[in-house]
Structure formats: structure tokens, C-alpha cells
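Now for the letters of each chain:
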Amino acid sequence: MGSLQTPTNLSNKSCLCVSGRVVKGLRVERQVGLGFSWLLKGRRNRKVQSLCVTSSVSDGSSIAENKKVSEGLLLGAERDGSGSVVGFQLIPHSVAGDATMVESHDIVANDRDDLSEDTEEMEETPIKLTFNIIFVTAEAAPYSKTGGLGDVCGSLPMALAARGHRVMVVSPRYLNGGPSDEKYANAVDLDVRATVHCFGDAQEVAFYHEYRAGVDWVFVDHSSYCRPGTPYGDIYGAFGDNQFRFTLLSHAACEAPLVLPLGGFTYGEKCLFLANDWHAALVPLLLAAKYRPYGVYKDARSIVAIHNIAHQGVEPAATYNNLGLPPQWYGAVEWIFPTWARAHALDTGETVNVLKGAIAVADRILTVSQGYSWEITTPEGGYGLHELLSSRQSVLNGITNGIDVNDWNPSTDEHIASHYSINDLSGKVQCKTDLQKELGLPIRPDCPLIGFIGRLDYQKGVDIILSAIPELMQNDVQVVMLGSGEKQYEDWMRHTENLFKDKFRAWVGFNVPVSHRITAGCDILLMPSRFEPCGLNQLYAMRYGTIPIVHSTGGLRDTVKDFNPYAQEGKGEGTGWTFSPLTSEKLLDTLKLAIGTYTEHKSSWEGLMKRGMGRDYSWENAAIQYEQVFTWAFMDPPYVR
């Protein structure tokens, strides 16, 4: 179930794209529908049905040669220097402009041999899919980011756009009156206002737009997004109106493809919505309950992407009417807390859970690693939704996140003291000594330097590190921790620094340049997370030749391969160490093994570094897997109640 699996049923409304082949005078650039090889299979000496051709010539001239090739397809004429038509380019509606249909008739295939030859040629053609993709997200770096969600929705859209898809990202326009507002400086008001109905009233939103890196970045503007703090809260805790703010985002995102003339024309109704986490989970429900009953978005599809199932958008049942869904859809989001989780004896446990509703009606479900896609189907990892997710295993997949290989590149990183690469590791030693100097630690290039970067909370296993530190400090090591979070852990870090002045450093807070320098300067990175849907720090670490030691869970288990010194005729294999169960004793045992390898087996350690640095971490690799899931989403009809 962790790997991508081909669906068992195919619909005649599926979408394929075939690139760059000349077949009987037609140069096929983009094709929507099931490709000729499928269409013609078993149809030799028969009429090919529903073949239509339209022209997308910019001057509006009609071309009698254009023919209807597949329902919903547009053919643009390709001309030589003299203006003669030499072929046609298939293009989707979304980029057709003011195409004019001039002729419709059937194409008859009478020559059995020619048809067979054409079919075989098409079967050899590499398949390329193109979609109109709408990302809906609470975060998108560099505009807004608190964690991995912002990284994914800031990088994956650009990778998909580079592969030929039309991509829009819809996110709030957060303004807090500080320097971060400058991130939206290049976004212009589209002068389009949309009125959406939720929370018992008509809400008006505006849209700002920036076209960057091939992506339409669309920002929903509303007064509820203009306040100090993070996207979700401030120093006093989570914002009390978050349900309103993200309900508004979902409604606005559903309107955006219909009303925003980006690049001169809208995305239209045939698009794919990728709803990220609970903040956007209302989108699949709105498509099914608000739009499709009236014939809108009948050809659209939706995918819900789960980055962290621990957050589900659960609110009191009385708030259902605020969501803008029809009364009869209450059952889709109804959620009953178990008795043990209720606040008091009179608490009925009735709530609404928008993520639960999205999981029930979305066309596909994605998680950010294969391991996490399995974990959320278990009682331990599903946070109450495991049974529903298990029932939808046939449409559940996991794809490991990529990273920004330009931002995280030890050979060009502007934040580190010295550049280095897989072919020349000498700069990493300089990064280590520079980090020790910056932190006020004794400059000892041969002393193992162990790092931690992350939130200081229970999920990240900080308590495991806390328990292990007294014994770990008995070894000849140095430790640096960067992060912020629960006050008890922040205070513990400061206290530990005072106890072990020559061995331990605490950086309370978060600083991007410092995180780069720790990643480059450390020898070992700790990630003892209790659960980790994907994790990015272990990927950054391996790219920088820093060896990860991780708890065997979720994406950590997927991405870190255990070191085996006896594999490959004694040359070894693996990129780090995983450990389980999650105890301080097991963490210490693994650390001792790693420290021993570092101090006594330098050649093995260098092999670990180079294997990690040589892996493909790019979003290009992940984007290819996303395309496969997008294809599957269109193979089945959309959810209709």
C-alpha cells in the first residue's frame, strides 16, 4: 500500500498526453482523452467515434483541415514558413484562447495494416500528462511558512509547472505590519471581488496575484488575515476564529479558477484541486455539495494531502452551519469523540471534523511519505480516522517530499563558512570549526559534533534527548540544539548549557542561517520524533554529508537507510541509523555505534557521507510521482452524492 499502485478500473473520460510524435500527418503535442493506442485497440476496420478538431490560430482564421480528434480536445494548426498546414498540435481547453471550431466529422480507418502500424507506433510514445492544478494551502514559502507544509507548497508547484502543467497556488495574504509584509510586495490586486456565503453572512474577498517561476501565486485578501503573529496564532495561543479564516480560504479557492483571468483566461472548471491539511479540507466537500449538483466542476477532481493528521480542524457541532454546506451534508463531517476523551459526563462528544469529510469524498488521498500512508491506517497513527482511511486504502498513497536543492546546496550555500561537494569534502571541516567558534565551543575538528534542529515539543522527542544527555555528556562529544517551543524544554536547554559549558550549546529560537550552519558543521543530526509524516531535516543533513540518527517512524524510516558495514564485500551501504523502540537507552546505544564508526572507521564514515550526498532529493523526482496520482484521480468519475 505504501507504493504507488495502478487503479483497477479505467473510465473513458481519462486524460493522457502524448508528446512530440508525427502520426499520419498529425503532430500530437498534447492529448486529453485515453490516447490513440487505447482508442484504436480492438477497433481495426471500424470508425473512430467522436473525433473533433478546432483551431487555435491567433488571427482567428478557420482551417478546414482541422478535425475533431477527441472529445474536449482542441487542435492547433502547425504551419511551415509559407503558411501551409503541416500538422496539428493538440492543446487543452485551458490554453486554447478564442479557438473556433470549424468542422466535425468521423475519421474512417479502412487499412488494417496501416492502423496496426500506427497503433504500435503510438504505444511506443512516451506519455506526458498535463493538468490545471490548484494548490489550496495555509502556507506557501517564501510568503508564509511555519514548517514542512510551507516548504512543500512553495516548491512542488514550481516543479510541476516546470513539467508543463498550469499551476495556481491559493493562500491567504497574511499582513502583520512587520518586515514580512514585503514578501507580498510584487503581488498586484487583480481588481476581482468574490462574494462567498459562510458563517451566516456574505463575505467579500479580494485576490492578489504574482506570476513567479511559472506559477500563479494567488493570495486571498481579507481583514481576518491582517494581524500580528503566525498564520495560526500569536503569543497568546491559536486564533479563536481559525475556523472562519480557513473556511473563507476554501470558499475563495473554489471561486478562483472560475473568476480570475490569469494570463488572459481563467483556469476553468476542468482542474485538479490539491487541498493541503485541514485548513483546505473543506474544498473537496464544497465541490461535491455546493458546485457539482448545479453542473459546475463536474469534470474537476480533488486530492486531499495529509501533512500531519494530528490536526483535523475539529470544532463544536453547533458550528456546522458556519461552513456553507447544505444541511443534508452534516453526516459527512460529523465526528463523535469517544467517551474517555469527553470533557465531562454531560458532554455528548458531537463535533464537526472537516478533514474527516475530505477523506470521505476526495478522489484521492496523499500523504508525504509511504511509511506515513500506512501509519495513519493504524489505531496508533490515525488519530481516530484510521478506520475511515483503511476503508479508502485503494486511493491512498504516500510520496516522499523533495527539498529545494538550490537553497540547500553545500557547494553554493551563502550561509556556510566554506563550500564543499561530494568530490571535495575538505570544506565541511572548515564549516565545523567555524560553527564551534561561533558557538563558543572548543575548536576540535576530531570531536564528534551532534546537532538537533526542530520544535521543542513532545512530538519531536525532545524528552528522549533530555533523558539521554547526562549519560551522553560522559562521552567525548559536543552537542548543539536549535529550536523553540514548550517553555520547559527551552529552560532545560539553557540549564544544560550552564552545566556543560564545553560540551553543550543551546540556541533558543529559530534562525535560518544558523540552521544551515548547524546542518553543514555537525557530524551527526538527531531526529528522535515520535511520529514524522515526512521530515525534511534528515534530507538536508544527508545532502550536507551529516549523518542522521532517527527514530524508525514515518518518513524517517523511508528516507534513512541503516548502515551495514558488511554489505557490498565490506564496502558498506546505508546513509545513517534508525532506532526503535523510542527510548533514551536505544538512542544512546545507536549514538555509541555512530560515534565509534566516526572515530575508528574514517573510510566507512566517508562512505556514509558520500552515499547520502549522492541521493536525488529534488522535487523533480517527487513531481513525477504526483503526476501518476493525478492521472489516477481522473480515471474514475468524481464523487457525486
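Residues numbered from 1 in each chain as written. Predicted model: local features only at pLDDT ≥ 70, side-chain atom pairs only at ≥ 80, totals over all residues. Heavy atoms only, no water.

Draft legend 1. Representation of the overall build of the protein chain within the structure. Each helix and strand counted, the protein chain has 19 helices and 28 strands in total. Here the protein chain holds 641 residues, and the buried ones make up 55% of them. Residue pairs in contact within the protein chain that sit at least 24 positions apart in sequence constitute 69% of those at least 6 positions apart. About 27,200 Å² of surface is accessible on the protein chain, with carbon and sulfur atoms providing 50% of the total. (Helix = DSSP H or I, 4+ residues; strand = E, 2+ residues; numbered from the N terminus. Buried < 20%, exposed > 50% of the residue type's maximum accessible area, 1.4 Å probe, protein only. Contact = heavy atoms within 4.5 Å. Areas by Shrake-Rupley, 256 points an atom, 1.4 Å probe, with all protein chains shown as cover.)

Draft legend 2. Representation of the nonpolar core within the structure. Membership of the largest hydrophobic core comes to 105 residues, with the highest contact counts inside it found for F135, V170, F207, I306 and L355. Discounting residues that sit within four places of it in the chain, I306 has contacts with D277, L355, I359, I365, L366, T367, V368, Y372, I376 and L389. Counting residues in hydrophobic clusters, the runner-up holds 64 residues, among them W408, F504, L539 and F579. (Core = buried A, V, L, I, M, F, W, Y, C linked by side-chain atoms within 4.5 Å.)

Draft legend 3. How the structure looks around the pairing of strand β12 (residues 201-212). Across eight bridges, strand β11 (residues 188-198) lies against β12 in antiparallel orientation. Opposite R193, over in β12, you have A206 as the bridge partner. Hairpin connection of β11 to β12: two residues between the antiparallel strands, including F199 at a positive phi of 55 degrees. In this structure, β12 lies alongside strand β13 (residues 215-221), joined through seven bridges in antiparallel fashion. From the neighbouring strand, Y211 faces β13, where its bridge partner is D216. The turn joining β12 and β13, which pair antiparallel and follow one another in sequence, is formed by two residues; a positive phi near 55 degrees is taken by A213. (Pairing = 2+ DSSP bridges.)

Draft legend 4. Structural context of the environment of L525. Structurally, L525 is set in strand β26 (residues 524-527). In this structure, the C-alpha to C-alpha distance between L525 and M481, residues 44 residues apart in sequence, is 9.8 Å. Beyond its immediate chain neighbours, meaning those up to four positions away, L525 contacts G451, F452, I453, N537, Q538, A541, T546, I547, P548 and I549.

Draft legend 5. Seen up close, helix α13 (residues 512-521). For α13, a buried count of eight out of ten residues is recorded, marking the element as mostly surrounded by other parts of the structure. Among the residues of α13, V514, S515, H516, R517, I518, T519, A520 and G521 are the ones counted as buried. Summarising the contacts, the buried residues of α13 are in contact with α10 (426-439), β23 (449-453), β24 (478-483), β25 (504-508) and α14 (537-543). At the N-terminal boundary of α13, the capping side chain belongs to N511, with an oxygen 3.0 Å from the backbone nitrogen of V514. (Polar contact = N/O pair within 3.5 Å; in protein donor to acceptor, adjacent residues only side chain to side chain.)

Draft legend 6. Representation of the sheet that holds β25 in the model. Ordered by their spatial adjacency, six strands build an open sheet running β25-β24-β23-β26-β27-β28, and the pairing between neighbours is parallel. Two strands lie at the open edges of the sheet, namely β25 and β28 (577-579), each paired on one side alone. Averaged over all pairs of adjacent strands, the angle between their axes in this sheet comes to 20 degrees, without regard to strand direction. In terms of strand pairing, β23 meets β26 through two bridges, oriented parallel. Pairing of I450 across the sheet is with I524, part of β26. Its contacts with the sheet place helix α12 (residues 487-499) against β24 and β25, and it is angled at close to 145 degrees to β25. (Axes fitted to C-alpha atoms, helices over the stretch in contact; angles between N-to-C directions.)

Draft legend 7. Region of the structure containing the sheet that holds strand β22 (residues 396-398). The nine strands are arranged β11-β12-β13-β10-β9-β16-β17-β21-β22 in an open sheet whose pairing can be described as mixed. Looking at which strands have only one partner, the edges of the open sheet turn out to be β11 and β22. If you compare each strand with its neighbour and ignore which way they point, the axes differ by 25 degrees on average. Taken together, the four bridges between strand β9 (residues 132-136) and strand β16 (residues 272-276) define a ladder with parallel strand orientation. Following the sheet pairing, V136 is matched in β16 by A275. In the packing of helix α7 (residues 354-361) onto the sheet, contacts are made with β17 (301-306) and β21 (364-367), and the angle to β17 comes to roughly 130 degrees.

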